[in-house]
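Structural overview for review
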Amino acid sequence: MPPYEKINSEVLSVSIESALNAALKVLHFGGSTVMADRTFRNIVSVDKVTKFDIMWRLDNLVVSYDSDGHTKTILKSVGSVGTNLILVSKVIEMSEAVRDGKVKVSEVDDELLKISESTPIHSHFIFILVAGLAAAFYSLFHHGSIESVLIVFASAVIGQTVRLQLQARDIRDSHITFICGLLSAGIASIFLHLGYGQVEIQTLIASLIYLVPGLLMINGFVDFTKQRYIFIGLQRMLNALFLFIILAFVIVTAYTFIKF
């Protein structure tokens, strides 16, 4: 294999682009920066690409590399970030297959498309049901009445249904949290205002428990503890804090309506 400077510019461009697309998918599906970086390096290692600079950000990825004596820069948007660790693992496995020579670099984009369009192991019904059960058990844990449990279950189920529809349209996480938070808390507050269930702040929190950005906080902490990803780690944690502020605003608004 010739040295880095002699790599064909077209081969180099394809290798960088394919690796970047795979790394973006890892972030898009909710993977950590460590996973995305490993995926990127697995693919570029095939063409012995070692001299590049990559800036990890939650909104954009920026890669700079030398091609024919000129520095080229690629900037791509991360887009909305979901939660599908099964697809994250599939992308990582695909990148390892590329590294091991089982998949060609030129086939990466097609493989990514297959992964994105693959039939999910769990249907939307399961995700909706889990959201409702999480809300119900949270209410039970805080000694909620049967009426309260039913209210938060229904609120979370409806909210999660809308959430999945919005995520499919690549709506920003902050907008989804605000819309679904208002919807779930609004439904719960109406029933509570009418005299059903226990008028407590825990009831409203339970109806929104499915919106807590747990994975975002975990990934942020993992990134922050790695010195190479401090910036994106801070971004993740600040984004999680912003989502918590949105949820707090929604809860206060709904609770004010109940007491009105």
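Heads up: the structure comes first, above all this text.
The text that follows walks through the structure, step by step, so that each part is easy to find. These figures come from a predicted structure and were not determined experimentally. (Residues numbered from 1 in each chain as written. Predicted model: local features only at pLDDT ≥ 70, side-chain atom pairs only at ≥ 80, totals over all residues. Heavy atoms only, no water.)

**Observations regarding the pattern of salt bridges**
Under the definition given, this model contains seven salt bridges. Note that Lys114 and Glu111 form a salt bridge whose closest N and O atoms lie 3.7 Å from each other. Linking Lys114 with Glu111, this pair stays in helix H4 (residues 108-117), spanning three residues, or about one helical turn. For Lys114, a relative accessible area of 54% translates into the label exposed. With a shortest N-O distance of 2.6 Å, Arg236 and Asp223 are connected by a salt bridge. Within this pair, whereas Arg236 is found in helix H10 (residues 230-259), its partner Asp223 is found in helix H9 (residues 214-225), the two being separated by 13 residues in sequence. (Salt bridge = Lys/Arg side-chain N within 4 Å of Asp/Glu carboxyl O. Helix = DSSP H or I, 4+ residues; strand = E, 2+ residues; numbered from the N terminus. Buried < 20%, exposed > 50% of the residue type's maximum accessible area, 1.4 Å probe, protein only.)

**Describing the pairing of strand S3 (residues 70-77)**
Note: strand S2 (residues 60-67) against S3, eight bridges, orientation antiparallel. If you follow Val62 over to S3, its bridge partner there is Leu75. Taking the residues between adjacent antiparallel strands as the criterion, S2 and S3 are bridged by two residues, where Asp68 takes a positive phi near 55°. (Pairing = 2+ DSSP bridges.)

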